[in-house]
Amino acid sequence: MIFTPTPFDPEQIVFGPSALKHLRDFLKGRNYAPEDIFILTDENTANFCLPELPDLVHDVPGEQLIKISAGEKSKSLKNAEKIYRLLMEREATRQSLLVNLGGGVITDLGGFVASTFKRGISFVHIPTSLMGQVDAAIGGKTAVNLDGIKNQLGTFSFPEQVLIYTGFLKTLPEEELLSGFAEVIKHALIANRGYLEYLLEQDLHNPGTDWETIVKRSVEIKSDIVLQDPYDFGVRRKLNFGHTFGHAFETCMQRKGRAVSHGQAVAAGMICESHLAYLKTMISFTDLGFILSSIQKFIQKIIIEADDFDVIFDLIRSDKKNERERINFSLPDRIGNVQINKGAAHVEILECLNFYKML
Ligand code: GLY
């Protein structure tokens with residue numbers, strides 16, 4: 001397979017209130033006719049966000065508006081198939097465009113469908129959640145879940161445009177905003193201590209919070225990493241900080257019927273993985289304390305019990321980021337940098353879980 005070195009183009013990410021107007025120019029510039037355009041939404045974004053795109057709604061025939069249920073369960077092959085069939089019935093061609101308007105579920109699923117339908121049609125992301133704007137819509141990963149395993153199927157495929165309007169964040173429930181904010185904290189911890197200090201000054205309940213600055217800085221950090229390694233063979237793994245423990249927490253809590261948000265699980269994961277870095281003498285006790293208090297300032301702790309440790313360990317061992325028997329972590333060596341491909345022993349992982357449980 002031949003990879004182009006930079007399939008990812010940060011220039012295609014457009015910010016600000018004019019981002020939505022930009023869509024009209026983009027569609028005109030590419031000569032898309034209304035019958036070429038399909039829009040994927042969920043019931044929430046159809047209600048709260050679609051009205052912000054009056055031209056699109058007016059021009060695109062109603063039957064080309066595809067609405068699915070909101071929530072992670074929708075990120076399935078079954079829904080992908082449903083969308084393929086709708087595209088076929090409505091005679092979509094390789095020249096058609098799919099506009100994905102929604103959070104991470106919509107952009108992951110819509111990107112997956114667009115990148116596989118007729119071997120790939122063009123797509124545009126309009127992420128509406130904080131998680132979508134700073135993470136899911138950036139960097140060309142598309143996915144659906146399989147048998148309860150997250151992102152088991154997917155492609156690397158890069159949208160033509162990502163249009164980011166932070167005004168949409170006003171419609172988000174607090175839990176969802178905080179879930180995305182965990183990824184924002186992650187960006188600061190892996191790349192920029194000064195950014196972390198800026199974040200610590202923020203009161204997220206303040207309606208005047210400058211989300212545009214926050215989202216832009218996070219997108220810059222992620223874009224910078226993706227540009228160096230678009231297909232996730234090396235440095236992009238820095239973005240996995242907190243996710244090896246985090247995914248295990250997320251699945252464990254879901255199985256227990258006490259589901260937590262992705263961001264809450266990643267926040268817990270970042271605390272455990274920082275403790276792991278401390279055990280390996282990669283960071284000082286002072287840095288560990290600073291990371292911990294920074295995360296806990298915003299994100300609530302998950303309650304785990306000693307009885308969960310074996311399940312969490314097994315989930316960590318089956319993480320798709322591992323290579324054969326080796327469990328891979330991305331661990332901080334200071335505040336503002338992480339090292340990739342760090343291994344850990346069973347006993348160290350248990351020690352981190354114990355540390356977290358005792359907080
Ligand atoms: N969310 C991690 C990545 O895009 O690589």
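All figures in this text were calculated on a predicted structure; none of them were measured in a lab.

Enquirer: Can you break down the environment of aspartate 314 residue by residue, with the values?
Expert: Looking at the element boundaries, aspartate 314 is found in helix α13 (residues 309–317). Among the residues examined, aspartate 314 registers a relative accessible area of 41% and is labelled partly exposed.

Enquirer: Account for the pattern of salt bridges, naming residues and giving values.
Expert: This structure, assessed with the given rule, holds 16 salt bridges. Lysine 186 is the salt-bridge partner of glutamate 183, the closest N and O atoms lying 2.8 Å from each other. You can see glutamate 183 and its partner lysine 186 sitting in helix α7 (residues 174–191), three residues apart, about one turn around the helix. Judged by its relative accessible area of 0%, glutamate 183 falls in the buried class.

Enquirer: Just give me the short version of the nonpolar core, but keep the residues and values in it.
Expert: Residues Leu130 and Phe249 are the most contacted members of the largest nonpolar core, which totals 74 residues. It is helix α11 (residues 262–279) that provides the largest number of residues to this core, a total of nine residues.

Enquirer: Tell me about the pairing of strand β5 (residues 122–127), and name the residues and values.
Expert: A large share of β5 lies buried, amounting to five of its six residues. Bridge count between strand β4 (residues 97–102) and β5: six bridges; the pairing is parallel. Bridge pairing links leucine 97 to serine 122 in β5. Tracing the backbone out of β4, into helix α5 (residues 104–116) and back to the parallel element β5 gives a crossover that is right-handed.

Enquirer: Can you explain α13? Please cite residues and give values.
Expert: Listed as buried for α13 are Phe309, Ile312, Phe313, Leu315 and Ile316. For α13, the angular spread of buried residues about the axis comes to 160°, placing them on one side. In this fold, the buried residues of α13 make contact with α10 (243–255), β9 (329–334) and α14 (346–358).

Enquirer: Lay out the pairing of strand β7 (residues 149–156) in plain terms, naming residues and giving numbers.
Expert: Here five bridges tie strand β6 (residues 141–146) to β7, and the two strands are oriented antiparallel to one another. Residue pairing across strands places leucine 146 opposite isoleucine 149, the latter belonging to β7. As consecutive antiparallel partners, β6 and β7 are separated by two residues, and within that stretch aspartate 147 has a phi angle of approximately 50°, a positive value.

Enquirer: Give me the state of the cysteines: which residues, what numbers.
Expert: By definition, a disulfide links the sulfur atoms of two cysteine residues through a covalent bond. Counting across every chain of the model gives zero disulfides. No disulfide involves cysteine 252; its nearest neighbouring cysteine sulfur is the one of cysteine 272, lying 12 Å away. According to the relative accessible area criterion, cysteine 252 is buried, its value standing at 3%. Free cysteine: cysteine 352, not disulfide-bonded; nearest cysteine sulfur from cysteine 272 at 6.0 Å. Taking relative accessible area as the criterion, cysteine 352 reaches 0% and is therefore assigned buried.

Calculation criteria
Residues numbered from 1 in each chain as written. Predicted model: local features only at pLDDT ≥ 70, side-chain atom pairs only at ≥ 80, totals over all residues. Heavy atoms only, no water. Helix = DSSP H or I, 4+ residues; strand = E, 2+ residues; numbered from the N terminus. Buried < 20%, exposed > 50% of the residue type's maximum accessible area, 1.4 Å probe, protein only. Salt bridge = Lys/Arg side-chain N within 4 Å of Asp/Glu carboxyl O. Core = buried A, V, L, I, M, F, W, Y, C linked by side-chain atoms within 4.5 Å. Pairing = 2+ DSSP bridges. Right-handed = clockwise from strand over helix to strand, strands pointing away. Arc of directions from axis to C-beta. Contact = heavy atoms within 4.5 Å. Disulfide = S-S within 2.5 Å.

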